[in-house]
Amino acid sequence: MAAENQANTTLGIHDFMWGTRILLAIFFLISTSPLLGAQEEVNNEYELKMAFLYNFAQFVEWPADAFRDSAAPFTICVAGDNPFLGRIEESIRRRTVNGHAVELRSLNVDGDPHSCQMIFVRATEKRETLRVLASSKGSAILTVGEADGFAERGGIINLTREENRLRFEVNINAAAQTRLKFSSKLLALAKIVK
Amino acid sequence: MRKRTFLLLVTLLMIDPALVRLRAGEAKPRTDLMDMSLEDLMKVEIDSVYGASGYKQKVTDTPASITIITADEIKRYGYRTLADVLRNVPGFYVTSDRVYNYIGERGFGPPGDFNTRFLLLVDGHRMNADVDGSLGIAMDFPVDIDLIDRVEVIRGPNSSTYIASALLGVINVVTRRGSEASGLVVSGEMSSYGTYKSRLTFGRQFKNGLEVLLSGTYYDSHGPDALYFAEFNSPTTNNGIAEAADGSHADQIFGKITYRDFTLEGAYDFSVQGDPTASYGAIFNDSEERIGFTPAFLDLNYDHHYGGDWGYQAHLYYGNSRYHGVYPTDESSVGGPPHVLNQDYSYGQDVGISVALSKALFGGQKLILGSEFRNNFQQDQWNYDEQPYYSYLNSHQSSSLGGVHVQDEVSLGHGVTVDLGLSYDYYSTFGGTTNPRGALIYKPGKKTTLKLLYGQSFRAPTAFENYYAVSSPWGMEEGNLSLKPETARTTELVWEQSLTKSFDLVVSGYYYPVRGVIQAETDPANGAIIYENSQRVDLKGAEFTVKRQSRSGLEAGLSVSLEGARDHDSGAPLTNSPHTLSQANLSMPLFKKKLFASADLQYVSRRRTQAGNLAGAYLVPNFTLYSPSALRKWEFSASIYNAFNDAYGDPASVAHQQDVIFQNGRNFRLKLLYHF
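Reading the values: rules and limits
Residues numbered from 1 in each chain as written. Chains lettered and ligands numbered in written order. Predicted model: local features only at pLDDT ≥ 70, side-chain atom pairs only at ≥ 80, totals over all residues. Heavy atoms only, no water. Helix = DSSP H or I, 4+ residues; strand = E, 2+ residues; numbered from the N terminus. Buried < 20%, exposed > 50% of the residue type's maximum accessible area, 1.4 Å probe, protein only. Contact = heavy atoms within 4.5 Å. Areas by Shrake-Rupley, 256 points an atom, 1.4 Å probe, with all protein chains shown as cover. Expected span 1.5 Å × (residues − 1). Phe/Tyr/Trp six-rings, centres within 6.5 Å; stacked < 30°, edge-to-face > 60°. Lys NZ or Arg CZ within 6 Å of the ring centre and 35° of its normal. Polar contact = N/O pair within 3.5 Å; in protein donor to acceptor, adjacent residues only side chain to side chain. Pairing = 2+ DSSP bridges. Patch = residues over 30% accessible without salt bridge, like charges linked within 9 Å, V, L, I, M, F, W, Y side chains within 5 Å. Salt bridge = Lys/Arg side-chain N within 4 Å of Asp/Glu carboxyl O. Core = buried A, V, L, I, M, F, W, Y, C linked by side-chain atoms within 4.5 Å. Axes fitted to C-alpha atoms, helices over the stretch in contact; angles between N-to-C directions. Disulfide = S-S within 2.5 Å. Arc of directions from axis to C-beta.

**Some remarks on the overall build of chain B**
Helix and strand counts for chain B come out as six helices and 38 strands. The burial tally for chain B puts 59% of its 676 residues in the buried class. Considering only contacts within chain B whose residues lie at least 6 apart along the sequence, 61% involve residues at least 24 apart. Of the roughly 26,100 Å² of accessible surface on chain B, 58% is carried by carbon and sulfur atoms.

Here it is as structure tokens:
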């Protein structure tokens, strides 16, 4: 009986072998077609987030007194587990912001945030968030978060995720309370939060 | 035929223009993200992975061979269950005996093994049943497929951070968060064989950060009106026709509450499946034969990252799993009544706690320390005849286990990373076992990753294999308390290559010797079934996968796996082990991503059956049209499965009189979803 079943199955396959071959061919011709446009894709969302941070730095103007001197680095501080260690850090260190070399460091629990030009607050840092926001008010520090509600709670920029892509929100009231100048281009791309 | 198909695929790959460009050295280097404008950055897609070592990492940085399937793919391809998802994972195939769905990987898929060689996690909670280590991957899996955010399939045992029984792989199901399910959603679907499924889900994030997700699913299927089994073709057994004997039903509840670092999550599933195959010697074409599973759990998870690169994670959990089989039996041959309902039960409960601490150290080191303790305080099995009452088995057991693991990742510079792990587990049933693992990852450039992976793993004997002993008119089984764990030592080489911006190639070769495989044997003294550590199998093979995803929303993939799974002593191929597996998928957006047309296809070469026959090769294509927003708040999908109506069958287990169990022909599904 098993042999009979076997025969039936094989027959079924033979019947449709040509169909499926054609199908496979279509699959691959379509999927490899150069006309369909290539897409940039990254496997590491923090590589992408760092690219956003670096871009934000280009659209925000810091007052001169935000730096110790003209040779002082542009410091990005990370509150929470630093996700940029390694390759991303290597690549950002090779860059400059308005003539200042970029420096990346972790913001310790008792660390002074005032030597930072930008603070990136990890989504996991719920307690840290309030402390960072409190100390950045009226200062020249750009706070960037990645947690829902970060901008509503007084953070300046918040990276949000829409499907598989990143978007950002800007709290314009919080932005106005700092001594930073924001380019209109940045605000045009942002979702505005008040 | 198999060779020709393979040649065709190879030829198609050769003419691929991207590969031609690459060989000619014209491939453009990938743009540095830092040089891109904000507008362009907002178009970049992210693909990330949790799970392989508790850390969120790039797929290519993970010290394991991984495939991720996202919610988007589940919708586009019309996957109905976890079984549909796994069918499309390179190197995997799924076998069904119309009651259970069995996962096969890399040529190892013994019929009737209840998926005990895999560890299935839902948000980090272990789903394997306490008593027999079994796993449901269809409606007996308690999380509705629509609630899944992604499935991470981690091949091999290269995941030392989870204790116990991940012999061949880890399947990590990550569910959606309350904040991702906006408001109230109602979904209804209608499929062939009188199958209906409906779901009601509520998800919300409140102002104070509290996230809630609650969902209920109702599923009912009449099943095919008639199924023909040639083995039962006799006038006394309805000429081999099982009428309306394949129905199934499931009620599922899932809930999740997240507040700050805490998540409380629970699931309950009451599922029942009719058995048209008359397994375990039951009376054929008797609608009273049914098998029920009721898995449930409650898990409190705390996940916190301190400043200064410390991370802390803890789970406190309760698990509950029931199985209840009803087997109508004819006992007239031993002087009993011609129709007796034999009731077969197992009931397991467990509580446990696990903690893991991670710390990023100087020099790019990452250290993870973890520990878990679990008490299976109830592992009961019983079996009796209902009328007249006769008890064959009444076993009350319990067991406990604990383990510690340590893992360190060191970056040596020049693109070389070494990952070393060691775990020690202690089981009250058989003692302690120590298992090392290691990974060497080399990235000579941005586009290339080479991984050399080595791991040791084990699967503990289950309470079912230890204690299930009956002596009945329908058969004898003996428990075996001297069983040792099965052990695997796996070596794998993975080459991940980004060919162009959107084109990726993965090639891997593996060698998995598995020793002391626990399998059902016949005791020569009395003919009873007894589980023994009686086999060594060698799994060897290679997998080739190409994937393309483009900004336009098009995605395509093709994988070919060549597998050589053999019995070590005899050199014979294993039962239910295909030599070649091939999977292809293609999804295209139409009308500005308002509609997606998708197809997926599985080819499984012929497999040896228990009786030494062959189950023929099959090629099954499935097509789905999916619209995420056809009419504002409506989501719609229409699918056709086994489109060419291929009559294929899977090898059966020792529980069956059949040698091959035939699967469904062409069938359909319509699904409609409304967001309030």
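**Here's the deal with the overall build of chain A**
Of the regular secondary structure elements, chain A holds six helices and 11 strands. Sorting the 194 residues of chain A into buried and exposed places 56% on the buried side. Within chain A, contacts between residues at least 6 apart in sequence are counted, and of these 58% link residues at least 24 apart. Summing over all exposed atoms, chain A offers an accessible surface of approximately 8,800 Å²; the carbon and sulfur share of this is 54%.

**A word on helix α2 (residues 45-59) of chain A**
With 15 residues, α2 of chain A extends 21 Å between its outermost C-alpha atoms, agreeing within 8% with the 21 Å of an ideal straight helix rising 1.5 Å per residue. The buried count for α2 of chain A comes to 14 of 15 residues, which makes it a mostly enclosed element.

**Side note on the packing of aromatic side chains**
All names here are of chain B. Overall, the coordinates contain 33 aromatic pairs over all chains when judged by the stated rule. On the basis of an interplanar angle of 65 degrees and a centroid distance of 4.9 Å, the ring pair of Tyr100 and Phe114 is categorised as edge-to-face. Of this pair, Tyr100 sits in the loop between β3 (92-96) and β4 (101-105) while Phe114 is found in the loop between β4 and β5 (118-122), placing the two residues 14 residues apart along the sequence. On the basis of relative accessibility, which here comes to 12%, the residue Tyr100 falls in the buried class. Given the relative accessible area of 13%, Phe114 is considered buried. Three or more aromatic residues joined by ring pairs make a cluster, and in this case those are Tyr100, Tyr102, Phe114, Phe293 and Tyr323. The ring of Tyr641 carries the charged tip of Arg80 above its face, separated from the ring centre by 3.5 Å. Geometry around Tyr510 places Arg106 over its ring, the cationic atom sitting 4.2 Å from the centre.

**Points about the side chain of Arg669 of chain B**
Residues and elements named next belong to chain B. Residue position: Arg669 is located in strand β38 (residues 667-675). Within polar-contact distance, the side chain of Arg669 engages the side chain of Glu189 at 3.2 Å. Setting aside residues no more than four positions away along its own chain, Arg669 makes contact with Gly78, Tyr79, Arg80, Glu189, Met190, Ser191, Ser637, Ala638, Ser639 and Tyr641.

**Side note on the pairing of strand β30 (residues 580-590) of chain B**
The side chains of a regular strand alternate, residue by residue, between the two faces of the sheet. All names here are of chain B. Burial within β30 is extensive, with nine of its 11 residues counted as buried. Bridge analysis of strand β29 (residues 555-567) against β30 gives eight bridges, and the strand direction is antiparallel. The residue of β30 that forms the bridge with Leu558 is Ala584. Of the strand pairs in this sheet, β30 and strand β31 (residues 595-604) are connected by 10 bridges, and their pairing is antiparallel. Within β31, the position partnered with Pro589 by the bridge is Phe596.

**A look at the sheet that holds strand β6 (residues 125-126) of chain B**
Either a parallel or an antiparallel arrangement is found when strands of a sheet pair, and the pairing is made through backbone hydrogen bonds. All names here are of chain B. The five strands are arranged β2-β7-β8-β5-β6 in an open sheet whose pairing can be described as mixed. For this open sheet the edge positions go to β2 (65-70) and β6, each flanked by a neighbour on one side alone. Pairing analysis gives seven bridges linking strand β7 (residues 148-155) to strand β8 (residues 169-175), with the strands arranged antiparallel. Across the sheet, Ile148 pairs through a bridge with Thr175, a residue of β8.

**Considering a nonpolar patch on the surface**
Residues and elements named next belong to chain B. Taken together, the side chains of Ile257, Phe262, Leu264, Leu298, Leu300, Leu316, Ile353, Val355 and Phe373 define a hydrophobic patch exposed on the protein surface, amounting to about 760 Å² of accessible area. Checked against the element boundaries, Leu298 lands in strand β16 (residues 290-306). Residue classification places Leu298 among the partly exposed residues on the basis of a relative accessible area of 47%.

**Some remarks on the nonpolar core**
As a rule of thumb, nonpolar side chains are buried together in soluble globular proteins. Residues Phe52, Phe56, Trp62, Met118, Leu142 and Phe168 of chain A are the most contacted members of the largest nonpolar core, which totals 48 residues. Here this core takes 10 residues from α2 of chain A, the largest share from any one element. In this view, Phe52 of chain A contacts Leu159, Leu166 and Phe168 of chain A together with Leu38, Leu41 and Met42 of chain B; residues no more than four positions away in its chain are not counted. With 43 residues, the next largest nonpolar core counts Val94, Ile103, Ile171 and Leu574 of chain B among its residues.

**Here we look at the pattern of salt bridges**
Residues and elements named next belong to chain B. According to the stated counting rule, one finds 34 salt bridges over all chains in the structure shown. Its salt-bridge partner being Arg80, residue Asp84 comes within 3.0 Å of it at the nearest N-O pair. For Asp84, a relative accessible area of 6% corresponds to the buried category. Given the relative accessible area of 26%, Arg80 is considered partly exposed. In this structure, the salt-bridge partner of Glu543 is Arg155, at a minimum N-O distance of 3.7 Å.

**Let's talk about the pairing of β29 of chain B**
Residue and element names in this part refer to chain B. Of all 13 residues that make up β29, 10 are buried, and the element is covered over most of its length. Examined bridge by bridge, strand β28 (residues 529-549) and β29 share 13 bridges and lie antiparallel to one another. Bridge pairing in β29 places Thr545 opposite Ser559.

**Focus on the sheet that holds strand β7 (residues 142-145) of chain A**
Residue and element names in this part refer to chain A. Overall, mixed pairing links the eight strands, which are arranged β4-β5-β3-β6-β7-β8-β9-β11 in an open sheet. Each edge of the open sheet is held by one strand with a lone partner, namely β4 (96-97) and β11 (191-193). With two bridges connecting them, β7 and strand β8 (residues 157-162) associate as parallel partners. Each residue of the ladder has a partner; that of Gly145, found in β8, is Asn158. Across the sheet, α2 is in contact with β3 (74-79), β4, β5 (100-107), β6 (118-121), β7, β8 and β9 (165-171); its angle to β6 comes to roughly 150 degrees.

**Quick word on unusual backbone geometry**
All names here are of chain B. In this structure, Pro388 follows Gln387 across a cis peptide bond, with omega equal to 5 degrees. Relative to the assigned elements, Pro388 resides in the loop between β19 (365-385) and β20 (390-413). You will see that Arg106, though not glycine, has its phi angle at about 50 degrees, which is positive. Relative to the elements of secondary structure, Arg106 occurs in the loop between β4 and β5. The exposure class assigned to Arg106 is buried, which follows from its relative accessible area of 0%. Unlike most non-glycine residues, Asp123 shows phi in positive territory, near 50 degrees. With respect to the element layout, Asp123 can be found in the loop between β5 and β6.

**A closer look at the state of the cysteines**
Residue and element names in this part refer to chain A. Applying the stated criterion across every chain, the model contains one disulfide over all chains. Note on cysteine connectivity: Cys77 is disulfide-linked to Cys116, with sulfurs 2.0 Å apart. The chirality of the disulfide connecting Cys77 with Cys116 is left-handed, given an S-S dihedral of about -95 degrees. Within this pair, whereas Cys77 is found in strand β3, its partner Cys116 is found in the loop between β5 and β6, the two being separated by 39 residues in sequence. No difference in accessibility class separates Cys77 from Cys116, as the two residues are buried.

**Concerning the environment of Phe362 of chain B**
Relative to the helices and strands, Phe362 of chain B resides in the loop between β18 (340-361) and β19. A sequence separation of 175 residues divides Phe362 of chain B from Val537 of chain B, and the C-alpha atoms of the two residues are 43 Å apart.

**Notes on helix α4 (residues 126-136) of chain A**
Residues and elements named next belong to chain A. Residues Glu128, Thr129, Val132, Leu133, Ser135 and Ser136 constitute the buried set of α4. An end-on view of α4 places all buried positions within 165 degrees of arc, on one side of the element. For α4, the exposed residues set more than 90 degrees away from the buried face come down to Arg127, Leu130 and Ala134. Here the buried face of α4 lies against β3, β5, β6 and β7.

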